[in-house]
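Summary of structural features
The residues making up each chain are set out below.
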Amino acid sequence: MSTLNRRRFVAALAAVPAIAKARSSEPRVLNFNHLHTGEKLEVEYFNAGVYLPDALDAVNRLLRDFRTGDVASIDPSLLDLLHALRQRTGAERPFQIISGYRSPLTNRALHERSSGVATKSLHMSGQAIDIRVADVPLPQLRDAALSLRRGGVGFYPGSNFVHVDTGRVRAW
């Protein structure tokens, strides 16, 4: 490698952290429509390299257990996963929320009615959400989530939703 090419290579490598930092500090906005409560929320939850506490509180309230009213902290990584899904799919419509946080009481009741509900569901720790997006076909949403490799992806075409979580990478 010539000296000039070596210098260009080194200069390009030096620029990578600055580019990555610039991207990581860009504002992140999500738009939600909760199908069970009718509530809507458009929220900038991250800006200038930090999560915004008031925005996270608003998301926690929106994604509460709508059956019991219990509110829990939603994993900010789950919001980042949704943001990445929006970018990957080019979605412009809000995320339609089927289920966000679930209290242990709600999860137990749902598990008793359906074998498809895990006894130790990540919904109970604010690490899972069941969604769809009006302008993204369900198989495309699933494929985009799988391609991100950021956690679990469940595909429920009969119930018209995709489950995503920030647990270990797996699919069903």
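A brief look at the structure comes next.

Cut-off values and rules
Residues numbered from 1 in each chain as written. Predicted model: local features only at pLDDT ≥ 70, side-chain atom pairs only at ≥ 80, totals over all residues. Heavy atoms only, no water. Pairing = 2+ DSSP bridges. Helix = DSSP H or I, 4+ residues; strand = E, 2+ residues; numbered from the N terminus. Contact = heavy atoms within 4.5 Å. Axes fitted to C-alpha atoms, helices over the stretch in contact; angles between N-to-C directions. Parallel < 35°, antiparallel > 145°, perpendicular 65-115°, else oblique. Left-handed = near helix turned anticlockwise from the far one by under 90°. Nonpolar A, V, L, I, M, F, W, Y, C, P; charged D, E, K, R; others polar.

1. Here's the deal with the sheet that holds strand 4 (residues 95-99)
- The strand order 3-2-1-4-5-7-6-8 describes an open sheet built from 8 strands, whose pairing is mixed. In this open sheet, the two strands that pair with only one neighbour each are strand 3 (50-51) and strand 8 (170-171).
- In terms of strand pairing, strand 2 (residues 40-47) meets strand 3 through 2 bridges, oriented antiparallel. Its bridge partner being in strand 3, Phe46 is matched across the sheet by Tyr51.
- Where helix 2 (residues 53-62) meets the sheet, it contacts strand 1 (28-34), strand 2 and strand 3, and its direction lies at approximately 145 degrees from that of strand 2.
- The sheet strands contacting helix 3 (residues 76-89) are strand 1, strand 2, strand 3, strand 4, strand 5 (128-133) and strand 7 (161-165), and the helix crosses strand 1 at an angle near 95 degrees.

2. Some points on the packing of helix 3 against helix 5 (residues 138-148)
- Axis separation between helix 3 and helix 5 bottoms out at 10 Å; the angle between their running directions is 120 degrees. Regarding the angle of helix 3 to helix 5, the classification is oblique. Classified by chirality, the crossing of helix 5 by helix 3 is right-handed. Across the interface between the two elements, Leu81, Ala84, Leu85, Arg88 and Thr89 of helix 3 pack against Gln140, Leu141, Ala144, Ala145, Ser147 and Leu148 of helix 5.
- Here the residues of the contact of helix 3 with helix 5 sort into 7 nonpolar, 3 polar and 1 charged.

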